[in-house]
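Summary of the model geometry
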Amino acid sequence: MQRNTLAALIAGLFTLPVQAQELPLLDEIVVTATRLPQSLTRIASDVTVLRREEIEAAGQTSLVELIRGIPGVEVNQIGGAGAVSSVFLRGANSQHTLVLVDGVRMTSATLGSTRLEHLPLELVERIEVVRGPMSHLYGSDAMGGVIQIFTRQGGGEARVAGVVGLGGYGRNSVDVALTGSGSRWRYALAAGRNEQDGFSAKKEPSYQDNDGYRNNHLALKLDFAATPAHRLGLHGMLSDGETQYDDGAAAFDSLSKARIGNLGVNLKSDLGEHWTSELRADFAHEKVRTSGYFDPSPWGPGSPYSSQIAMDQWQYAWQFDGNTRLGAIQALVERLEWDVDGDAGYSVTRRTRNALMLGWRRDVGTHGFQVNMRRDDDAQFGAHDTGMASYSMAFSPLWRGSISYATSFRAPSFDDLYWPGSGNSALDPERARNLEAGIRFQDKARQISAFVYRNDVQDLIQWAPTGPSGNWQPANVASAHLRGLTLSWRETLRHYGLRASVDLQNPEDAATGNLLILRARSHANLGLEHSTGAWKWAADWQLEGARYNDAANTVRLAGHGLLHLSAARELTRDWLLQARLENALDKEYERSSGYNTSGRNLFVALRYQPR
């Protein structure tokens, strides 16, 4: 990305003219940043929210593609739909982003990151992204930030909605949702299927076959008002994905089948005018079966292989919130349990962790103060204390500035510790310290924010070749400095919607000064929407700077810009026809060395949404 382009984008955030607006932006209520509903204008964290109507209007075909357009987020995927994806938040490792679905941790205890490629977009009601360490609220894995996904919500009159779609690479999909409420009930049920023939994941001539993807998914949510003061909830989701991929040097049709899901219950209680309580018990499951091909080696000829790994996670929590004359207080008691199984042969198959969190917040006139402390007692790694302190001040009813300091940690995954022939059971947890400052402007039609940060990570776990055999093994051999600036802007001008974000960052190895793998020094997103009559038009331009595919920064991946175009037409009050042209200029680019990416392709959907 050229410097003059970035300079123009930054200048544009603050120089557009103010006009009379007709499409007001709403003051968001955010849950993830404080673990309870809070107005975005009172939060010190750097937060992005996507509501259901915005998700539908975007016309995206996958969650991975949608979050790629969120400020501070970089996404890498080694192949097409269903291929393994990595999310880098503020330049941190993919294992440093905690992903929650309806409050349930979905980060894999074996892999160490989240299989976002198998979370279907049509199940999603809302997405909240909090940039910056959040271990003081959520414990391990939240060193770079938290992405929380809320599945479909119930309420209102009973209604059925649905969408069918066809597109390039043999893609077809169908989804349906039932939502509604009764005198004491709210309910939501969503289900669907999508599949596509795809394209060859790898570039080598021997791999020129289509690597397709199939997915079936289901989500359920029930809410029952047992008494005026007590609400009982049930939620669950399940996704079955089947991905073809290219593995090794031989032309072998490798296949991965993944099942991920969760199920949970919660009881929310009003304990008086100023006190609330929530009890919850959640279960998450992951099972992955793969079949591939071992290349010939000094130890024997090539041969097919198969493997299976499964994880069960139990999560129990009690949260208590109250308001006193001295401010709002918060307490959380949590227990986490993991069991892993399969033919990988982990030498340890169980882990437990107990946690206690205490928090305090107080607003004094235009000043806001917040302090959080959390202790996680891991059965294997002992106790880890994390915390956060923030101060914010409203310069006017529209402007608020903030500064915060936070610490975080991440415990090694089962793969890091015990993967046969490669794991390192002597690994220590990663630790980090983060300092950031930000400013936010918001009125009825404009939102502007700027956040600058420095996140220093110690004992960074890094996989690298060891010894003459070249076998890869993880070690606490590195530290990293994650420094950057995130600028974002949204505005409505009559029938136009505009948005832009720019990330200038320096995620580097502290010892060598090299960029961390697959992270760019700059990336940006621009968006323009226009509504006229029954039509709505949109354009998205995603720009990403050069990256490196190796730690030594010798394999360079060129920067690129992708233009996406979309259009929608209301056929009737309840029927909408949508079309999205991905990579409209048919740009050739790489996200990982040796792997293909999608060219220009069209997706058309017919959506039924009763109003």
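Located above this text is the structure these notes cover.
Residues numbered from 1 in each chain as written. Predicted model: local features only at pLDDT ≥ 70, side-chain atom pairs only at ≥ 80, totals over all residues. Heavy atoms only, no water.

Broken down by element type, the protein carries five helices and 33 strands. Radius of gyration (C-alpha) of the protein: 24 Å, near the 25 Å computed for a compact globule of 611 residues. Expressed along its principal axes, the backbone C-alpha trace of the protein runs to roughly 70 × 55 × 50 Å. By the burial criterion, 52% of the 611 residues in the protein qualify as buried. (Helix = DSSP H or I, 4+ residues; strand = E, 2+ residues; numbered from the N terminus. Rg over C-alpha atoms; globule rule 2.2 N^0.38 Å. Buried < 20%, exposed > 50% of the residue type's maximum accessible area, 1.4 Å probe, protein only.)

Where nonpolar side chains cluster on the molecular surface, the patch consists of Leu279, Trp318, Leu326, Ile329, Val333, Leu356, Leu358, Trp360, Val364, Phe369, Val371 and Met373 and spans about 1000 Å² of accessible area. Mapped onto the nonpolar patch, the elements with two or more residues apiece are strand S18 (327-342), strand S19 (350-364) and strand S20 (367-378). Counting residues per element, the nonpolar patch draws most heavily on S19, at four residues. Overall, the relative accessible area of 62% leaves leucine 326 in the exposed class. (Patch = residues over 30% accessible without salt bridge, like charges linked within 9 Å, V, L, I, M, F, W, Y side chains within 5 Å. Areas by Shrake-Rupley, 256 points an atom, 1.4 Å probe, with all protein chains shown as cover. Salt bridge = Lys/Arg side-chain N within 4 Å of Asp/Glu carboxyl O.)

The next thing to look at is the packing of aromatic side chains. In the structure shown here, the tally under the stated rule is 12 aromatic pairs. Between the aromatic rings of tryptophan 275 and phenylalanine 320, the centroid separation amounts to 5.4 Å while the plane-to-plane angle is 20 degrees, which identifies the pairing as stacked. Of this pair, tryptophan 275 sits in strand S16 (residues 275-294) while phenylalanine 320 is found in strand S17 (residues 303-324), placing the two residues 45 residues apart along the sequence. Take phenylalanine 320: its relative accessible area is 22%, and that puts it in the partly exposed class. Taken together, the ring pairs connect Tyr346, Phe414, Tyr418 and Trp419 into an aromatic cluster. The residue whose ring lies beneath arginine 90 is tyrosine 453, and the NZ or CZ to ring-centre distance is 4.3 Å. A cation over an aromatic ring shows up here: arginine 351 above the ring of phenylalanine 414, its NZ or CZ 4.9 Å from the ring centre. (Phe/Tyr/Trp six-rings, centres within 6.5 Å; stacked < 30°, edge-to-face > 60°. Lys NZ or Arg CZ within 6 Å of the ring centre and 35° of its normal.)

All right, on to unusual backbone geometry then. With a phi angle near 55 degrees, aspartate 459 is a residue other than glycine that sits in the positive phi range. Residue placement: aspartate 459 occurs in strand S24 (residues 446-466). With relative accessibility at 23%, the residue aspartate 459 sits in the partly exposed group. Here aspartate 586, not a glycine, exhibits a phi torsion of approximately 55 degrees, which is positive. Considering the arrangement of structural elements, one finds aspartate 586 in the loop between strand S32 (575-582) and strand S33 (601-608).

Time to look at the pattern of salt bridges. In the structure shown here, the tally under the stated rule is 49 salt bridges. Residue arginine 410 pairs with aspartate 141 through a salt bridge whose shortest N-O separation is 4.0 Å. Here the residue arginine 410 occupies a position in strand S22 (residues 399-410), and aspartate 141 occupies one in the loop between helix H4 (135-138) and strand S9 (145-151), the gap between them amounting to 269 residues. Among the residues examined, arginine 410 registers a relative accessible area of 3% and is labelled buried. By relative accessible area, which is 10% here, aspartate 141 ends up buried. Measuring nitrogen to oxygen at the nearest pair gives 2.9 Å for the salt bridge that ties arginine 374 to aspartate 376. Here arginine 374 matches aspartate 376 in class, with each residue buried.

Within the largest apolar cluster, 30 residues are counted, with the highest numbers of intra-cluster contacts made by Leu63, Leu116, Leu119, Ile127 and Ile149. Elements that contribute at least two residues to this core include exactly helix H3 (63-67), strand S4 (73-77), strand S5 (85-89), strand S6 (97-101), strand S8 (124-131) and S9. Tallying contributions element by element places H3 first for this core, with four residues. Excluding its chain neighbours within four sequence positions, the residues that come into contact with isoleucine 149 are Leu63, Val99, Leu100, Val101, Asp102, Leu116, Leu119, Val124 and Arg126. By size, the runner-up hydrophobic cluster in this structure holds 17 residues, among which are Val30, Leu40, Leu137 and Met357. (Core = buried A, V, L, I, M, F, W, Y, C linked by side-chain atoms within 4.5 Å. Contact = heavy atoms within 4.5 Å.)

On to the environment of asparagine 172, then. For asparagine 172, the location among the structural elements is in strand S11 (residues 171-181). The spacing of asparagine 172 and glutamine 196 is 24 residues in sequence and 6.3 Å in space, taken between C-alpha atoms. Sequence-distant contacts of asparagine 172, defined by excluding residues within four places in its chain, comprise Gly165, Leu166, Arg193, Asn194 and Glu195.

Below, the discussion takes up the environment of valine 452. By the secondary structure assignment, valine 452 is in strand S24. When the C-alpha atoms of valine 452 and leucine 485 are compared, they prove to be 4.4 Å apart, with 33 residues separating the residues in sequence. Setting aside anything within four residues of it in sequence, one finds valine 452 in contact with Leu435, Glu436, Ala437, Gly484 and Leu485.

This part is about the side chain of glutamine 77. With respect to the helices and strands, glutamine 77 occurs in strand S4. One polar contact links the side chain of glutamine 77 to the main-chain carbonyl oxygen of glycine 80, over a distance of 3.3 Å. Here the side chain of glutamine 77 touches alanine 83 through a polar contact of 3.0 Å, landing on its backbone oxygen. When residues no more than four places from it in sequence are discounted, the contact partners of glutamine 77 are Val64, Arg68, Gly82, Ala83, Val84, Ser85 and Glu117. (Polar contact = N/O pair within 3.5 Å; in protein donor to acceptor, adjacent residues only side chain to side chain.)

Nothing here speaks to function; it is all geometry.
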